[in-house]
Each structure stands twice: as C-alpha cells, then as structure tokens.
Amino acid sequence: MYDPKSPHAEDFINHDEILATLAYADANATNAELIDTIITKAELRKGLSHREASVLLACTLEDRNQKIYALAEQIKKDFYGNRIVMFAPLYLSNYCINGCVYCPYHLKNKRIPRIKLSQDEIRREVIALQDMGHKRLALEAGEDPVNNPLEYILESIKTIYSVKHKNGVIRRVNVNIAATTVDDYRKLKDAGIGTYILFQETYHKDSYEKLHPTGPKHDYKWHTEAMDRAMQGGIDDVGIGVLFGLERYRYEYAGLLMHAEHLEAAMGVGPHTISVPRIKAADDVDPSSFDNGINEDTFAKIVACIRIAVPYTGIIISTRESQSCRERVLHLGVSQISGASRTSVGGYADPEPDDAKSEQFELSDRRTLDEIVHWLMNMGYIPSFCTACYREGRTGDRFMSLCKSGQILNCCHPNALMTLKEYLMDYASPETRRIGEELIAREIEKVPREKVRDIAKRNLAAINDGQRDFR
Ligand code: SAM
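First, a word on scope: everything that follows refers to the structure included in this document. (Residues numbered from 1 in each chain as written. Predicted model: local features only at pLDDT ≥ 70, side-chain atom pairs only at ≥ 80, totals over all residues. Heavy atoms only, no water.)

Thoughts on the overall build of the protein chain
Scanning the protein chain from terminus to terminus reveals 20 helices and 9 strands. In terms of its C-alpha atoms, the protein chain occupies a principal-axis envelope of roughly 60 × 55 × 40 Å. Here the protein chain holds 471 residues, and the buried ones make up 61% of them. In the protein chain, the share of contacts with a sequence separation of at least 24, taken over all contacts with a separation of at least 6, comes to 75%. Accessible surface, the protein chain as shown: approximately 18,100 Å² in total, 51% of it carbon and sulfur. If you average the places of the 61 positive and of the 68 negative side-chain charges in the protein chain, the two averages end up 5 Å apart. (Helix = DSSP H or I, 4+ residues; strand = E, 2+ residues; numbered from the N terminus. Buried < 20%, exposed > 50% of the residue type's maximum accessible area, 1.4 Å probe, protein only. Contact = heavy atoms within 4.5 Å. Areas by Shrake-Rupley, 256 points an atom, 1.4 Å probe, with all protein chains shown as cover. Lys, Arg positive; Asp, Glu negative; His and termini not counted. Charge placed at Lys NZ, Arg CZ, Asp CG, Glu CD.)

So this is what it looks like as structure tokens:
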C-alpha cells in the first residue's frame, strides 16, 4: 500500500491510491466543512497531503475557490516575494531514439532535420543568450546514447560555463535530459549542474507505456525512479513536472503531489521546482489528438493548488504559454519563467524561419527578453537573474529550510535587485532601464535588515560604476 518512504516508485505513486484519492475528492467537492478545514490547514503554510489538496482541486464551490486563489497568491508572496527568476532553454541536440508520441523528436519522424551542436556552435548559442542578458540556462537534449552520450552533455556543460563574453558568464546550468544511472547523475553533479529536471509526462502507468511505445523511455519504473537515483548521485535540487493534456489532470495532480511527498519522506528534500507544461502543436503533433487538454481556468486552478500544497517549491512556466496565461498564473504561484526562448537546436545564433519546423514545439510567447522584463516590472514584479543560492551551496535541504523559514526574503530580495541592476546596465532598452531603476529604488527600501540594506545599496552603486557579479 501507499508508503511515501518506500524506495520503489511503483509503490509510492500507487495507481489504486490515486483512484481512491480522486473518488474521495469527488465525494467532497462540495463539502464546505471539509474544504474549510483543509483551507485552514493550508493557511499554516506547511503544505497539504495529496488527498487534501485533491479535494481543493475538485472543489466546485465558487466562494471557496476564490479563497483558494487568494491563499495561493498570499503564500506565493510570503515565500517568494515579488521576484520572478528568469531562464532560457538551450537545445543541444534533437537526436532521439525514443518513440514519445507527443514529441516531434521521436525516432520515426524523418521530416525534421536532426541537429547536434558542436562545442563551437554551443559557444555561439551561449554568446547569443548572454547578449540578451541570460545568466541561467536549462539544457535540453533528446535521448540518444550514440549521438548524445553523457560525455557530450558533460563537455557541453563545461563549454557553457567557460564562455566569458563581455558582461560575464552563465552562472547556472540546469539540465533536462533523459533518466539515467546513479553514476551518470554523480558526473552531472560533479560538472556543476543546478537542478536536474525530468518531467514524468504522465503518472498513469498504462497511458505512459502507450505514449512511450518504444525506446528506453518506455520503462515506466526507470523513468519514475530517476529522481531517487539523481539524489543518490548527490543532486539535491530536482525538478519534477507532468505534460498536461496527456492524461486526466486530477490524476496527474495527485501523482505529482505523491512524488513530492515521496521525495521529502524518502530523500529528506522535496522537489526544488515543479513545471507545468501543456502539450503544444509541433511538426507531426496535433494537441487535439490527445483527449485531456485543459482550459485556462483549470490551468490556473492547478497552479494555485500546487502553490498551496507544496508552498516551498519553485513553479516554472515556459513560453509554451501565452502572455495572458502567464500573467494570470504569475499571481497564483509561478516563481520562474523562461523568456525569449528558442526550442530549435541552434535557434539563438541562427533563428530559423517560421516555416522551418525543427523546433520541439510551438511557442505562444515570442517576446524579447527586454519586453518580458519590462512587462514583469510594469506589474510590480522583480525579474531576477540571481543564482546565488546555487553558487553559495544553498541547495537541497539548505535551500528548503531557508525558504520554509520565510528568511528567503531577507536574503533573496537584495540579490534579485543587484542582478536586475546588472541587467539594466548591460542589456536593457532605455525605457526598461528607466522603470527598472525606479523599481529598484522602491524595492531596496523593503529589505528589512538595515545592515543588509546598506550593503545592497553599496553594491548597487558599485554596479552602477561598472563592477559585476557580487557574491
Ligand atoms: N529527452 C528528455 C526526456 O526524455 O525527458 C528531455 C527533454 S524534452 C527536450 C523536454 C520536455 O518537452 C519533455 O519532457 C516533454 O514534456 C516536453 N514536450 C515534448 N513534446 C512536447 C510538445 N509537443 N508540447 C509541449 N511540450 C512537449
């Protein structure tokens, strides 16, 4: 039966327990008394069990739903303030031997050009990303032990960290590659990666096997237990997620929470991030051929319910989503967004024409990084290029305890402002810089500790005079 400490994924993300959870949630979707009790528990900001959280997701009482949204927004503010961390994906190779039916990189797709970047091409991509102002990347690659062996990924990470161009370096490389062995995870850790990200795609085992009919990714157990192996290999920041649209969203939500519960119970630290991708059109992929698409309202509710159930986790939304959708979920719990992304291999240095179709999926938000930074600041958010926690070794449970203590505000707020200042000085348009300077002047006064505030003000002045990268 369900035991979050169990070392075996198929025990902890148990199909029967998920079905029982959904039945319990259905039966209580209008149970005002129970829903109020769960909301009161959520107000303690210690999270919820998958059963409790699933009741909130199923809740159909409009006034209670408004309470859920308001609480999600407040928890987001309490844990993450108004900072939004910025990143960009970097596609290294679209060679892939898997058969994922929703992904155009699948082996049988002979129409898309297969590209694998050389180390020189990676350098060009990194320079193009640095020229925009990015400091944090998420590496993406298909699974192909011949074309993209781990050695290639490791060499690429080394290359990325080594590129010194005008205003500094890429400071954090997160990695989204296929499930692998403990030894390989240890090598990734030694290469200095930030978060290891792997989407479960779906927690429904039967569907998973049908959606991944061929290739190593077909193995549900291997895929589902990847985060346990990653943590055994020493990686303590892991990012989970599902691809919404493949299965029933409430099933996936319960699975995600059980995964988070398991990581916390068995490994001592929950997921550093949870991503909420939705399936998008791609070369030979029509999202309407999947039956479980979710509308914007449902999507917003999922984000709010993740925020309430796992208050400390970062929530990531990509440029798969439109500006208006992103705007809505930023309020409800999202703490990291990508900007100016390209999902084609080599797409930063050589943007491909719109009809070239080698991108992994279509993007809904195609704005420049400057436009996104401007938009965030207009809404009162602080776009943050900060990577300090990772660089200072505040990962895993050290990050979580900082986050859970609420002290993250004292520490992260000034760091975010300093990295924003660097961005404004080095990359922003005059108008973005103008509103950014005003924002910084306002926000720096909110740093609670006088000593920290004074240091931050001195650092901001030094950045103004040309210094960079305070640590
Ligand atoms: N090869 C790795 C793996 O197997 O997990 C990694 C990465 S893949 C480049 C990154 C993610 O893109 C996948 O995990 C999947 O969730 C997502 N993805 C694939 N096809 C998509 C589509 N058509 N629309 C939206 N997201 C998609």
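Now that the structure has been shown, the text picks up again.
Let's talk about the side chain of E140
By secondary structure assignment, the location of E140 is in strand β2 (residues 136-141). Within the buried core, E140 has no salt-bridge partner, and the shortest N-O distance to an opposite charge, that of R320, equals 6.4 Å. Looking at E140, its side chain comes within polar contact range of the side chain of N176, at 2.8 Å. (Salt bridge = Lys/Arg side-chain N within 4 Å of Asp/Glu carboxyl O. Polar contact = N/O pair within 3.5 Å; in protein donor to acceptor, adjacent residues only side chain to side chain.)

Describing the site of the ligand
Lining the immediate environment of the ligand, one finds 20 residues, of which Y102, A141, E201, K217 and K280 sit closest. Between the ligand and the protein, one listed contact pairs an oxygen atom with a side-chain N or O atom of E201 at 2.6 Å. Contact distances for the ligand include 3.0 Å between an oxygen atom and a side-chain N or O atom of K217. Here the ligand has 580 Å² of accessible area as a free molecule, and 96% of this is covered by the chains. Here the shell around the ligand is built from residues that sort into 10 nonpolar, 3 polar and 7 charged. (Near = heavy atom within 4 Å. Nonpolar A, V, L, I, M, F, W, Y, C, P; charged D, E, K, R; others polar.)

Examining the pattern of salt bridges
Overall, the coordinates contain 29 salt bridges when judged by the stated rule. The partner of R45 in a salt bridge is D78, and the shortest N-O contact between them spans 2.6 Å. Taken together, the residues span a long stretch of sequence, with R45 in the loop between α3 (32-42) and α4 (50-58) and D78 in helix α5 (residues 62-80) at a distance of 33 residues. A single network of salt bridges, built from pairs that share partners, joins R171, R391, E422 and D469.

A look at the pairing of strand β5 (residues 238-241)
Alternating positions in β5 separate into two faces, V238 and I240 on one and G239 and G241 on the other, with burial throughout. Pairing analysis gives 3 bridges linking β5 to strand β6 (residues 273-275), with the strands arranged parallel. Across the sheet, G239 pairs through a bridge with T273, a residue of β6. For the handedness criterion, the β-α-β arrangement of β5, helix α12 (residues 249-267) and β6 is classed as right-handed. (Pairing = 2+ DSSP bridges. Right-handed = clockwise from strand over helix to strand, strands pointing away.)

Notes on the packing of helix α2 (residues 15-27) against α12
The interhelical angle for the contact between α2 and α12, taken along N-to-C directions, is 120 degrees, at an axis separation of 10 Å. In terms of their interaxial angle, α2 and α12 are classed as oblique. By crossing handedness, the relation of α2 to α12 is classed as right-handed. Of the residues in α12, those in contact with H15, E17, I18, L19, T21, L22, A25 and D26 of α2 are R250, Y251, A254, G255 and M258. By residue class, the composition of the contact of α2 with α12 is 7 nonpolar, 3 polar and 3 charged. (Axes fitted to C-alpha atoms, helices over the stretch in contact; angles between N-to-C directions. Parallel < 35°, antiparallel > 145°, perpendicular 65-115°, else oblique. Left-handed = near helix turned anticlockwise from the far one by under 90°.)

Quick notes on the pairing of strand β1 (residues 83-93)
With 11 of its 11 residues buried, β1 lies for the most part within the structure. Of the strand pairs in this sheet, β1 and strand β8 (residues 336-338) are connected by 3 bridges, and their pairing is parallel. Looking at β8, one finds that M86 is bridged to I337. Pairing analysis gives 5 bridges linking β1 to β2, with the strands arranged parallel. Bridge pairing links S93 to A141 in β2. Following the backbone out of β1, through helix α6 (residues 119-132) and into the adjacent parallel β2, one traces a crossover that is right-handed.

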